[in-house]
Amino acid sequence: ELNLDNNSLASFSLLLTLPSLVVLRLNHNKITCCSNDGSNTNQSRPQSAPSSGYSNNGGSSNNGNSGGGNGMIVGKRNLAVSPLEVLLLGFNRIASIEELELERFPNLRVLHLQSNQLTTLQGLSICTSLRELVLNKNRIRKLDAASVQGLSVIHELHLQENGLRYLDFISDLTSLQSLHLGYNRISDIVELEKLSHLDHLVNIALNNNPVSRRQLYRFTLLVQLQTVRWIDGREATWEERERAELILSKGERNPSLLYAQRIGNILPGNNGVTGGISGGNAFTVRSQPGSHVVKLPGQPVQLSALQGASFHPTF
């Protein structure tokens, strides 16, 4: 392990010649890239010790050249390959992941890039062994499935304080166990439905997103995520899960109908939309609160539209 936190380094390629370096700490530097010489070749780099097995193909290079057995291990772009498994680059000046030349690290398992200047994840998909990724406090406003392609074994992902609004990128990250998305701009409760296939998720944090202030937010997560044990730092009890299942019955798990499960009081006003209760009696839901309250029976309610409706559910 090598700790070079709190220095003024601008690059770190020369450190990769250390043959047994597994953990490299470079937080709080001035790093923008791996190599600052503008070259992607290893022509001027010194030779490393014989292969220790940390390569893409059992210790041999991808181009079939290992320098006669004692030369530098090289990768697809003729770059020196490092045995590095943990790379901590928080609080630097990194604007592009591609500039980090991550193909050098085929065994990389932990990557921290918090508090940098990233706007995309282009260049990250090559890290197919990555287990933990920290990207808090960057400028990543939008991600899709292609952005995280290749991260099929990732277990822990931190994307707090980035301005994210949608969870479209989450579909292929089926190995996730811990997901941290606090302090973003996720507001639509329908986005929570995109988490339903995360069958290994144990810990999720969506605190300080607009959606976390919505009614039934926590119950929705409990129903969508059967394995989750912690939500926003608070443990999910079996009693709470049973209550969520009771309130959000199997027929009403569609997020667009979540508020229609057990409505007790509706505040009428102008511009109503029509619905009905299970007994077949019609009623009207108004989008603006009025001066009186209409009391409905406590049985489940089916609505034809909910957009803009104002009401107080009682359970």
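Along each chain, residues carry numbers from 1 onward, in the same order as the chain's sequence is written. Totals for whole chains, interfaces and linings use all residues, but because this is a predicted model, local features are given only for residues with pLDDT of at least 70 and pairs of side-chain atoms are given and counted only at 80 or more. Side-chain measures here rest on the full set of heavy atoms in the structure, leaving out hydrogens and waters.

**So, the overall build of the protein**
We count a stretch as a helix when DSSP gives it H or I for four or more residues in a row; a strand needs E for two or more, and each element gets its number in order from the N terminus. A count of helices and strands for the protein gives two helices and 16 strands. Burial here depends on accessible area, computed with a 1.4 Å probe over protein chains only, as a share of the maximum for the residue type. Under 20% is buried, over 50% is exposed, and the range in between is partly exposed. A buried classification covers 45% of the 315 residues belonging to the protein. Taking the contacts inside the protein whose residues are at least 6 apart along the sequence as the reference set, 50% of them involve residues at least 24 apart. With residues, only the protein chains shown are counted as cover, and all accessible areas are computed by Shrake-Rupley using a 1.4 Å probe. Total accessible area on the protein stands at roughly 15200 Å², and carbon and sulfur atoms take up 46% of it. Note on contacts: a residue pair is in contact if any heavy atoms of the two residues lie within 4.5 Å.

**Looking at the pattern of salt bridges**
Definition used for salt bridges: Asp or Glu carboxyl oxygen within 4 Å of a side-chain nitrogen of Lys or Arg. Applying the stated criterion to the full structure yields six salt bridges. With its nearest N and O atoms 2.6 Å apart, the salt bridge here joins E1 to R25. Remark: R25 occurs in strand β2 (residues 23-25) and E1 occurs in the segment before β1 (2-3); sequence separation between them is 24 residues. Where E101 meets R104, a salt bridge forms, and the shortest distance between an N and an O atom there is 2.6 Å. On the accessibility criterion, R104 (1% relative accessible area) is buried. The network of salt bridges with common partners includes D168, E191 and K194.

**Some details on the sheet that holds strand β8 (residues 203-205)**
A pair of strands counts as paired when DSSP detects no fewer than two bridges linking them. Sheet architecture is open: ten strands sit in the order β1-β2-β3-β4-β5-β6-β7-β8-β9-β10, paired in mixed fashion. What marks the edges here is a single partner per strand, and that holds for β1 and β10 (234-235).

**Regarding the nonpolar core**
Note on terminology: a nonpolar core comprises buried Ala, Val, Leu, Ile, Met, Phe, Trp, Tyr and Cys residues joined through side-chain atoms within 4.5 Å. In this structure, F12, L87, L124, F169, L179, L195 and I204 are the most contacted members of the largest nonpolar core, which totals 63 residues. For this core, the leading source of residues is helix α1 (residues 217-224), giving five residues. Beyond its immediate chain neighbours, meaning those up to four positions away, I204 contacts L179, L195, L221, L225, V228, W230, I231 and D232.

**Here we look at α1**
Three or four residues apart is the spacing at which side chains of an α-helix point the same way, because the helix has 3.6 residues per turn. The element α1 is extensively covered by neighbouring structure, given that eight of its eight residues are classed as buried. Those residues of α1 that fall on the buried side of the exposure criterion are Y217, R218, F219, T220, L221, L222, V223 and Q224. Its buried side turned inward, α1 meets β8, β9 (230-231), β10 and α2 (238-247).

**Topic: α2**
Among the residues of α2, E240, R241, A244 and I247 are the ones counted as buried. An end-on view of α2 places all buried positions within 130° of arc, on one side of the element. When the buried face of α2 is taken as reference, the exposed residues oriented beyond 90 degrees from it are W238, E239, E242 and L246. Where α2 is buried, its residues touch α1 and β10. Here, the arc refers to the directions that run from the helix axis to the C-beta atoms.

**Some thoughts on the side chain of S11**
Within the element layout of this structure, S11 appears in the loop between β1 and β2. The class for S11 is buried, based on a relative accessible area of 15%.

**Looking at a positive patch on the surface**
Patch definition: residues with relative accessible area over 30% and no salt bridge; like charges joined within 9 Å; nonpolar side chains (Val, Leu, Ile, Met, Phe, Trp, Tyr) joined within 5 Å. Note on charges: Lys and Arg go in the positive column, Asp and Glu in the negative column, and His and the chain ends are not counted at all. Taken as the charge centre is NZ of Lys, CZ of Arg, CG of Asp or CD of Glu, depending on the residue. On the surface, a cluster of positive charge is made up of R139, R141, R165 and R185. Within the element layout of this structure, R139 appears in the loop between β5 (132-134) and β6 (156-158).

**Section: the side chain of Q114**
Structurally, the position occupied by Q114 is in the loop between β4 (110-112) and β5. If sequence neighbours within four positions are ignored, Q114 has contacts with N27, L89, G90, F91, V134, L135, N136 and N138.

**Brief notes about the state of the cysteines**
Any two cysteine sulfur atoms lying within 2.5 Å of each other are counted as a disulfide. Taken as a whole, this structure holds zero disulfides when the rule is applied. Note on C33: no disulfide assigned, nearest cysteine sulfur contributed by C34 at a separation of 7.4 Å. Accessibility expressed as a relative area gives 9% for C33, which makes it buried.

**Overview of the packing of α1 against α2**
Axes here refer to lines fitted to C-alpha atoms; in helices the fit is confined to the stretch in contact. Angles between the N-to-C directions go from 0 to 180 degrees. Between α1 and α2, the shortest axis-to-axis distance is 9 Å and the interhelical angle comes to 95°. In terms of orientation, α1 and α2 fall into the roughly perpendicular class. On α2, the residues that touch R218, F219, L222 and V223 of α1 are E240, R241, R243, A244, E245 and I247. Among the residues forming the contact of α1 with α2, the class breakdown is five nonpolar, no polar and five charged. Our angle categories are set so that under 35 degrees counts as roughly parallel, over 145 as roughly antiparallel, 65 to 115 as roughly perpendicular, and the remainder as oblique. Classification used: nonpolar for Ala, Val, Leu, Ile, Met, Phe, Trp, Tyr, Cys and Pro, charged for Asp, Glu, Lys and Arg, polar for all others including Gly.

**Points about the environment of R104**
Among the structural elements, R104 can be located in the loop between β3 (86-88) and β4. Along the chain, R104 and A80 lie 24 residues apart, while their C-alpha atoms are 6.1 Å from each other.

**A word on unusual backbone geometry**
Here H28, not a glycine, exhibits a phi torsion of approximately 60°, which is positive. Looking at the secondary structure, you find H28 in the loop between β2 and β3. The phi torsion at Y183 lies on the positive side, around 60°, for a residue other than glycine. Of note, Y183 is situated in the loop between β7 (178-180) and β8.

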